[in-house]
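One-letter residues, chain by chain:
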Amino acid sequence: MVSRSREALIAIRRILRVAELSARELSDRTGLTPSQVIVLQIIAREGQAGAGAVAEAARLSQATITAILDRLEEKILIVRTRDPEDRRRVSLELTDAGRSTIADVPDVLQNRFVARFDRLADWEQAGLVASLERLAMLLDAEGIDASPILDVGRLDRPGKSS
């Protein structure tokens, strides 16, 4: 009989690999990371948004969101506009290229997960969350700050140049 710990490790590895493969496919097709796509989607949904609101919606630190926004601005997918009355306030909007990119981007892994997870019964969702939290504890990862973005590596890393 195969040990359950080995089966658990294989399942964890599969999860890590699917996140890695999904991120690579997304980068190959769009030149973007999953984190960059999620940020673009948030800005598209909000219309005009401030960096703080985007960071909160993505559950990312201000430093991480700033680096992601810098990359998106370099790719001319977003534009930052300073409020003329309060120069500290900056609003974010998609450019035409940003809107086109969002329209053509393949579904990111976490969107597929959320759609399927939301269809599970409440008791099954609660059980999976409890198991995943326990797994994080077993891996000494419960104290690590993380956003709900299935991505590998640093979330503020540059995407593949297009």
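All residue numbers here refer to positions counted from 1 along the written sequence of the relevant chain. With pLDDT at 70 or above as the cut-off, local features in this predicted model cover only qualifying residues; side-chain atom pairs require 80 or more to be listed or tallied, and sums for whole chains, interfaces and linings still use all residues. In computing side-chain values, all of the structure's heavy atoms are included and hydrogens and water are not.

**Q** Quick question: what am I supposed to make of the overall build of the protein chain here?
**A** Broken down by element type, the protein chain carries 7 helices and 3 strands. Going from N to C terminus, the protein chain has its helices and strands arranged as α-α-β-α-α-β-β-α-α-α. In terms of overall dimensions, the protein chain has a C-alpha envelope of 65 × 30 × 30 Å along the principal axes. Counting the 162 residues in the protein chain, one finds 31% classified as buried. Residue contacts are defined here by distance: any two heavy atoms, one from each residue, within 4.5 Å place the two residues in contact. For the protein chain, long-range pairs separated by at least 24 residues make up 64% of all intrachain contacts whose partners lie at least 6 apart in sequence. Surface exposure here means Shrake-Rupley accessible area, sampled with a 1.4 Å probe, where a residue is shielded only by the protein chains that are shown. About 10,700 Å² of surface is accessible on the protein chain, with carbon and sulfur atoms providing 53% of the total. What counts as a helix is a DSSP run of H or I of at least four residues, what counts as a strand is a run of E of at least two, and both are numbered from the N terminus. With a 1.4 Å probe rolled over the protein chains alone, any residue whose accessible area is under 20% of its type maximum counts as buried; one over 50% counts as exposed, and the rest are partly exposed.

**Q** Sorry if this is basic, but what is going on with the packing of aromatic side chains here?
**A** Two numbers describe a pair of aromatic rings. These are the distance of the centres and the angle of the planes. Working definition: rings of Phe, Tyr and Trp (its six-membered ring) pair if their centres are within 6.5 Å, and the pair is stacked with planes under 30 degrees apart, edge-to-face with planes over 60 apart, and tilted otherwise. Within the structure shown, the criterion is met by 1 aromatic pair. Ring geometry for Phe113 versus Phe117: centroids 5.3 Å apart, planes at 25°, classification stacked. Residue Phe113 and its partner Phe117 are located together in helix α6 (residues 109–118), separated by 4 residues, close to a single helical turn. A residue is classified by how much of its surface remains accessible, and Phe117, at 14% relative accessible area, is buried.

**Q** Explain the sheet that holds strand β2 (residues 78–82) to me, please; I cannot follow it from the model alone.
**A** Adjacent strands of a sheet form backbone hydrogen bonds with each other and so pair up, either parallel or antiparallel. Think of it this way: DSSP has to see at least two bridges between two strands before they count as a pair. Strand order in the open sheet formed by 3 strands is β1-β3-β2, with antiparallel pairing between adjacent strands. The open sheet has two edge strands, β1 (49–50) and β2, and neither has a second partner. Summarising the sheet, β2 and strand β3 (residues 90–94) pair through 5 bridges and their orientation is antiparallel. Along β3, the bridge assignment pairs Thr81 with Ser91. Axis definition: a line fitted to C-alpha atoms, limited for helices to the stretch in contact. Angles are taken between N-to-C directions and run from 0 to 180 degrees. Sheet contacts for helix α2 (residues 34–46): β1, β2 and β3; angle to β3, the most-contacted strand, approximately 100°. Sheet contacts for helix α4 (residues 62–74): β2 and β3; angle to β2, the most-contacted strand, approximately 115°.

**Q** Quick question: what am I supposed to make of unusual backbone geometry here?
**A** Phi is mostly negative for residues that are not glycine, and the peptide bonds are mostly trans. A positive phi angle, close to 55°, is found at Arg59, a residue other than glycine. With respect to the helices and strands, the residue Arg59 is situated in the loop between α3 (51–58) and α4. Residue Arg59 is classed as exposed on the basis of its relative accessible area, which comes to 57%. Even without glycine at this site, Ile76 takes up a positive phi of about 60°. Along the polypeptide, Ile76 turns up in the loop between α4 and β2.

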